[in-house]
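Here is how the chains run, residue by residue.
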Amino acid sequence: MIRLKKAAPRALVLGDLMLDAYLWGKTSRISPEAPVPIVDIERTSVALGGAGNVANNLLALGAKVYVGGAIGDDKNGAELKALLENGGVDTSAIVLRRGRKTSRKTRVMSSRQQIVRFDDESKEPIGEACERELEAAFEAILPRVDIVLLSDYGKGVLTEGLTRFAIASAKAAGKKILVDPKGVDYSKYKGASIITPNRKEASEALGRALTSLESVKEAGAELRRDLALEYAIVTLSEDGMMVCGEAAAHIPTRAREVFDVTGAGDTVLAALGFALGAGASIEDAAHFANTAAAVAVSKIGGATVTIDEALAYEQRHSLNQSQNKIAPIDFVASEVEKLRRDGRKIVFTNGCFDLLHRGHVEYLRKSREQGDLLIVGLNGDKSARALKGESRPVVSEEDRAYMLAALAFVDFVVLFDDPTPIELIKAIKPDILTKGADYKGKQIVGSEYAKQTVLVDLVEGRSTTNTIAKISANIGTK
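Help me get a handle on empty space enclosed by the protein, residues and values and all.
Tallied over the full model, the rule gives two cavities of 30 Å³ or more. Quantified by volume, the largest cavity comes out at close to 70 Å³. Considering the residues around the largest cavity, the lining is formed by Asp16, Leu17, Ala70, Ile71, Gly72, Arg100, Lys101, Thr102, Ser103, Ser122, Lys155 and Val157. Residues of the lining of the largest cavity, tallied by class, amount to four nonpolar, four polar and four charged. One number sums up the size of the second largest cavity: a volume of about 40 Å³.

Please set out helix 2 (residues 75-86) residue by residue, giving values where relevant.
At 3.6 residues per turn, the α-helix brings residues three or four places apart onto the same side. Taking 1.5 Å of rise per residue, twelve residues should cover 16 Å, and helix 2 covers 16 Å from first to last C-alpha, within 8% of that figure. Listing the buried residues of helix 2 in full gives Asn76, Gly77, Leu80 and Leu84. Looking straight down helix 2, one finds its buried side chains confined to an arc of 100 degrees; they lie on one side. Exposed positions of helix 2 whose direction lies more than 90 degrees from the buried face are Lys75, Ala78 and Asn86. In the core, the buried residues of helix 2 are packed alongside strand 2 (17-30), strand 3 (37-50), helix 1 (51-61), strand 4 (64-72), strand 5 (90-97) and strand 6 (103-110). Following helix 2 by one or two positions, Gly88 has its phi on the positive side, about 100 degrees.

Give a description of the packing of helix 5 (residues 199-206) against helix 6 (residues 213-226) that names residues and reports values.
Relative orientation of the contacting elements helix 5 and helix 6 amounts to 60 degrees, with a least axis distance of 11 Å. Here helix 5 is positioned oblique relative to helix 6, judged by the angle of their axes. The crossing of helix 5 and helix 6 is left-handed. Contact with helix 5, carried on its side by Arg199, Ala202 and Leu206, involves Val216, Ala219, Glu222 and Leu223 of helix 6 and no other residues of that element.

I'd like to hear about the nonpolar core, residue by residue, with values.
Within the largest apolar cluster, 51 residues are counted, with the highest numbers of intra-cluster contacts made by Leu58, Val67, Leu84, Phe274 and Phe288. Sort the elements by how many residues they give to this core and helix 8 (residues 282-297) lands first, with ten residues. Contact partners of Leu84, with chain neighbours within four places excluded, come to Leu17, Leu48, Gly52, Ala55, Val67, Val89, Thr91 and Ile94. Counting residues in each nonpolar core, the second largest holds 42 residues, with Leu12, Leu134, Leu142 and Leu229 among its members.

Break down the pairing of strand 11 (residues 231-235) for me, with residues and values.
Where burial is concerned, most of strand 11 is hidden: four out of the five residues are buried. Alignment of strand 10 (residues 194-195) against strand 11, held across two bridges, turns out to be parallel. The residue of strand 11 that forms the bridge with Ile194 is Tyr231. Here strand 11 runs beside strand 12 (residues 241-244); their pairing, made up of four bridges, is antiparallel. Counted as the bridge partner of Ala232 is Cys244 from strand 12. Remark: five residues form the turn of the hairpin made by strand 11 and strand 12, two consecutive strands paired antiparallel; Ser237 in that turn has positive phi of roughly 55 degrees.

Cut-offs and rules
Residues numbered from 1 in each chain as written. Predicted model: local features only at pLDDT ≥ 70, side-chain atom pairs only at ≥ 80, totals over all residues. Heavy atoms only, no water. 1 Å grid on protein atoms, 1.4 Å probe; cavity = no way out; pocket = protein on both sides within 12 Å on 5 of 7 lines; lining within 4 Å. Points joined across faces, edges and corners; volume = space filled by probe spheres on them. Nonpolar A, V, L, I, M, F, W, Y, C, P; charged D, E, K, R; others polar. Helix = DSSP H or I, 4+ residues; strand = E, 2+ residues; numbered from the N terminus. Expected span 1.5 Å × (residues − 1). Buried < 20%, exposed > 50% of the residue type's maximum accessible area, 1.4 Å probe, protein only. Arc of directions from axis to C-beta. Contact = heavy atoms within 4.5 Å. Axes fitted to C-alpha atoms, helices over the stretch in contact; angles between N-to-C directions. Parallel < 35°, antiparallel > 145°, perpendicular 65-115°, else oblique. Left-handed = near helix turned anticlockwise from the far one by under 90°. Core = buried A, V, L, I, M, F, W, Y, C linked by side-chain atoms within 4.5 Å. Pairing = 2+ DSSP bridges.

Given below as structure tokens:
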């Protein structure tokens, strides 16, 4: 994911543009006129919605964005276009239609909860003349972009003719085209690269309930086959997403806390488009989109997500769960390869870490500061006994591994029973190998397999031997 920080793909978003307006307030009483809450409005806000929210998410991630659609020649249309242009979006493919209402959805919010929503919009098809204008604008921009996204909210812009034209044109130009679909007839999306319905939308399109992951997998396979897609990705809210290609892969949710699902589908579409437009594989793009969606729903009001937010969330979720951090070397080595491709600098250190103390913690923290990911090779009980004597270790390998994994700056713990960690270091090939400063002038095992060896200062007077001696002395005086 780190390599996406340097990416700036060019994306064209075509679809239904709208404004998301919010009235924020507090509720402390019920209306005497009807059994409804009274919201005392404290502030208002307006954001881009629909295809505009997809564009906004792409901007937040760092993409260059072009937008196409039809809006009314009205106050809402002017406000919407200004929001896009102020964000740096190219709006040359937006067509103004006299008499058409620009969509505006207004939500009343109280204590982080949506009370009611009211919509003011036009939903009729845009008409043939407008279609031709959009087709011409689409063709003019297509050579400049890396990827195309269709955001269909069923408001009349993505007619069957325009949708088929966009898909055929993108395919002819060798550009991937992603679709967030709407309605029950998906035939107009045939030939797209990827569609991203949620479970409810896929269920309605296929005319059957999708009550299990297996049924979702079958649905994705059917959509992919019938619509001649490369992939069908079904988003599953709290269950993550199902990626259906030649084979199906379930990606569990990353969301820990959900405040508002508004625009979550827009975030998934934008994140997928951003990653694929930057050259990521479908697997990496789907994982990135899943993480971005988890960040988005933890906010309120169709919020956007940045690369840094997604990266921080990914690190907290994947690397801050103690049991998940204790892993065999084969798994860690394969994970390291993926992480290294994302530009992460890998740090390795090793030790017995018996009776974990401040000296250990400071040493590990300073080791982690040398790079982006710290792997700790932990001497198993047999290995520790050979090094330290029959009375050691005091703490079992299982407990030592668990305590190390509980440290936020330790990313993986790998147990080994060999006399040295040479096989681990050969398998991992770390960018940085750290040892204590007391190794100055000594030969360091495995240094030939690391790009750099760093000696880390130790906390004076802190050691397991000293701790054991102090405990023994205290026992002896009682």
